[in-house]
Amino acid sequence: MSKELILNRGLFSEIKSLIEQSRQQVAVTVNAAMTMLYWQIGKRINEEVLKDKRAKYGKQIVATLGRQLVEEYGSSFSEKNLRRMMQFASVFPDYEKVVSLIRQLSWTHILAVIPIENQLKREFYIEMCKLERWSVRTFRERINSMLYERTAISKKPEETIKNELKQLGEGGQIAPDLVFRDPYFLDFLKLKDTYSEKDLESAIVAELQRFIIELSTDFAFLARQKRITIDSRDYYIDLLFYHRRLKSLVAIDLKIGELDAAFKGEMELYLAYLDKYESVEGENPPIGLILCAGKNPEHVELLQLHKSNIKVADYFTILPPREVLLDQP
């Protein structure tokens, strides 16, 4: 192969990369400009409709305006889309907030989040989307799977939720309560009606990428059946991960039955060992996650697992009805 051909290939790759980067930057700029336009349109229509305060008038003006704009500018400005713009401006009335929002979320992302009525829930999805850079498809999946309700933070007092979301948004500091979920959906493992803990572990390792997606993107897999030796006795941690933002080792213990008091002692031993022998300078204390097929609220309360840095969560190998999730304590 001639030196000239090698040079041309390298030059082609470099120019191609420059073009792709430029296209991406243009796409982001155009999206931000169009989204701001939609907000301004929605805000102006809302102001006009509120002047009269008559529902019938408001409906007529939006319908008429939609027809006129479609003739001039196409279907992007139909009555249906104008109402979405109005909703966008109503949900996010603050200009500075919108400027910040459109830098990282596309119009399609925003369309997925504006129907959420609870402000804290909405902020949770926005901040997590920005942090983990979810695609629109992933964003919708997270909302439909009730990720907020499955995350520990949703059970906290309102002020705590506000503070932790603020820390995440302003400083990128993520708290464990924003990371760990309950329950976890493991339907992608395709397990049979009866299975052992080994079957569960093997299925997770086989579908490791999808399991990490369910955990969250900052988890890095370290080991399966991590052997630790204490007083000449061997113990095995089912799965060992590292969470980049929490800067903590995460030991996962898989159980096919309900939560038992003995599980706490096992996990405490694992965490103490990891803290003493595996953690490195600058890391936070290890975290334990016990995944079981059922957790009894009274056991969780009396065992006071949070004091030992232990999380416990149910898992479902078949997606449950929405009502089941809403009933989760």
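Higher on the page you've got the structure.
Residues numbered from 1 in each chain as written. Predicted model: local features only at pLDDT ≥ 70, side-chain atom pairs only at ≥ 80, totals over all residues. Heavy atoms only, no water.

## Points about the pairing of strand 2 (residues 219-230)
Alright, step 1. The sheet contact formed by strand 2 and strand 3 (residues 233-243) spans 10 bridges and is antiparallel. Directly across from Ile-230, in strand 3, lies its bridge partner Arg-233. (Pairing = 2+ DSSP bridges. Helix = DSSP H or I, 4+ residues; strand = E, 2+ residues; numbered from the N terminus.)

## Things to note about unusual backbone geometry
As a rule of thumb, non-glycine residues mostly have phi less than zero, and peptide bonds are mostly trans rather than cis.
Alright, step 1. Following Asp-182, the chain continues to Pro-183 via a peptide bond in cis, the omega torsion being 5 degrees.
Alright, step 2. Along the chain, the position of Pro-183 falls in the loop between helix 9 (158-171) and strand 1 (184-185).
Alright, step 3. Non-glycine residue Ser-216 carries a positive phi angle of around 150 degrees.

## Concerning the packing of helix 6 (residues 119-132) against helix 9
Alright, step 1. In contact at an axis separation of 10 Å, helix 6 and helix 9 are set at 25 degrees when each is read in the N-to-C sense. Considering their axes alone, helix 6 and helix 9 lie roughly parallel with respect to each other. Pair helix 6 / helix 9 crosses with left-handed handedness. Contact with helix 6, carried on its side by Leu-120, Glu-123, Phe-124, Glu-127, Met-128 and Leu-131, involves Glu-158, Ile-161, Lys-162, Leu-165, Leu-168 and Gly-169 of helix 9 and no other residues of that element. (Axes fitted to C-alpha atoms, helices over the stretch in contact; angles between N-to-C directions. Parallel < 35°, antiparallel > 145°, perpendicular 65-115°, else oblique. Left-handed = near helix turned anticlockwise from the far one by under 90°. Contact = heavy atoms within 4.5 Å.)

## Points about the nonpolar core
Alright, step 1. Judged by nonpolar contacts, the single largest core of 70 residues is most densely connected at Tyr-125, Phe-211, Phe-241 and Ile-252.
Alright, step 2. With near-sequence residues (within four places) excluded, Phe-211 lies in contact with Leu-186, Phe-188, Ile-204, Leu-239, Phe-241, Ile-252 and Leu-291. (Core = buried A, V, L, I, M, F, W, Y, C linked by side-chain atoms within 4.5 Å. Buried < 20%, exposed > 50% of the residue type's maximum accessible area, 1.4 Å probe, protein only.)

## Overview of the sheet that holds strand 5 (residues 287-292)
Alright, step 1. One open sheet accounts for six strands, arranged 1-6-5-4-3-2; its pairing is mixed. What marks the edges here is a single partner per strand, and that holds for strand 1 and strand 2.
Alright, step 2. Two strands pair when backbone bridges link them, and strand 5 and strand 6 (residues 310-316) are joined in this way by five bridges, in the parallel orientation. For Ile-290, the partnering residue across the bridge sits in strand 6 and is Val-312.
Alright, step 3. Strands in contact with helix 11 (residues 208-215) are strand 1, strand 2, strand 3, strand 4 (248-254) and strand 5; relative to strand 3, the strand with the most contacts, it is inclined by about 65 degrees.

## Regarding the pattern of salt bridges
Alright, step 1. Here the structure, examined in full by the defined rule, presents 23 salt bridges.
Alright, step 2. With its nearest N and O atoms 3.5 Å apart, the salt bridge here joins Arg-44 to Glu-48. Highlighted residues: Arg-44 and Glu-48, both in helix 1 (residues 3-52), separated by four residues, approximately one helical turn.
Alright, step 3. Assessed through its relative accessible area of 44%, Arg-44 is described here as partly exposed.
Alright, step 4. Relative accessible area serves as the criterion here: at 21%, Glu-48 is assigned to the partly exposed category.
Alright, step 5. Within this structure, Lys-156, Asp-177 and Lys-311 form a network of salt bridges that share partners. (Salt bridge = Lys/Arg side-chain N within 4 Å of Asp/Glu carboxyl O.)

As far as function goes, none of this settles anything; it's purely spatial.
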